[in-house]
Amino acid sequence: CNPVDSITKVITFNTQFVEAKIGAPTALCENTAAVFNNNSVNALTFLWTFGDGNTSTTPNPSHIYDTAGEYKVKMVAYNPNTCNMVDSIETTVTVASTPVADFRHEPIIPVTNEPIIFKNRSLRATAYVWSFGDNTFSNLETPEPKYYNRTGTYRVCLQALNEIGCSDTICRSVDADVYPLADL
């Protein structure tokens, strides 16, 4: 006869899974830091690829794109102690070209009581903010001829913006010569 014997074995099932989740900008300007938020669940290590040949293993990296375009960003989350051990997620980041603000004005040497004509020479812009240095403004691409009320040198600034808000600003000194006319 055999003696009675028993064995007890505890079997543990791991029900944890790695789930990759990220928060990322959908659009940004060239040479602006893209901040990536890692919202992954049960992950221990990470590998980010930014679509331009650069990578990072930082959980919440930032990355600067220096060229406009669309970039596929991928994050792989790892945890060898979970059932699936790895998960990944992708998103697309659109990087817009930064506008270049530029303008010219005529005449360079002011003509008494004549307006200043401004010519917008900005590149890659879709919206404009002009400040004429005398507390007047315009949002027109090419503003109306500007008549100043007083002789002086005015700091004229043009801010050029693109569709996602990237901007560039240029300021120039503009001279005006005004001789008050008598009202008879």
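Provided above is the structure to which this section pertains.
Because the structure is predicted, anything quoted here is derived from the model rather than measured.

**Q** I'd like a rundown of unusual backbone geometry, residues and numbers included.
**A** In this model, E106 is joined to P107 through a cis peptide bond whose omega is -5°. The topology assignment puts P107 in the loop between β10 (103-106) and β11 (117-120). Of note in the backbone geometry, N113 takes a positive phi value of approximately 60° without being a glycine. Among the secondary structure elements, N113 is positioned in the loop between β10 and β11. Although it is not a glycine, R124 sits at a positive phi angle of roughly 60°. Summarising the element assignment, R124 is placed in the loop between β11 and β12 (127-131). A relative accessible area of 47% means that R124 is categorised as partly exposed.

**Q** Run through the packing of aromatic side chains, naming residues and quoting values.
**A** Taken as a whole and assessed by the stated rule, the structure comprises 9 aromatic pairs. Both rings, one in F118 and one in F132, keep their centres 5.4 Å apart while their planes meet at 45°; by these two values the pair is tilted. Separated by 14 residues along the polypeptide, F118 in strand β11 and F132 in the loop between β12 and β13 (137-138) bring together distant segments of the chain. F132 carries the same exposure label as F118, and that label is buried.

**Q** With reference to specific residues and values, describe the pairing of strand β14 (residues 152-161).
**A** Where β12 lies against β14, 5 bridges are found, and the strand directions are antiparallel. The residue bridging W130 from the neighbouring strand is L158, located in β14. Pairing between β14 and strand β15 (residues 167-176): 10 bridges, direction antiparallel. Bridge pairing in β15 places A160 opposite D168. Hairpin connection of β14 to β15: 5 residues between the antiparallel strands, including G165 at a positive phi of 100°.

**Q** Summarise the sheet that holds β13; cite the residues concerned and give the values.
**A** With antiparallel pairing, 4 strands are arranged side by side in an open sheet as β13-β12-β14-β15. Each edge of the sheet is formed by a strand with only one pairing partner; in this case those strands are β13 and β15.

Reading the values: the criteria
- Residues numbered from 1 in each chain as written.
- Predicted model: local features only at pLDDT ≥ 70, side-chain atom pairs only at ≥ 80, totals over all residues.
- Heavy atoms only, no water.
- Helix = DSSP H or I, 4+ residues; strand = E, 2+ residues; numbered from the N terminus.
- Buried < 20%, exposed > 50% of the residue type's maximum accessible area, 1.4 Å probe, protein only.
- Phe/Tyr/Trp six-rings, centres within 6.5 Å; stacked < 30°, edge-to-face > 60°.
- Pairing = 2+ DSSP bridges.

Don't take any of this as a statement about function, it's just geometry.
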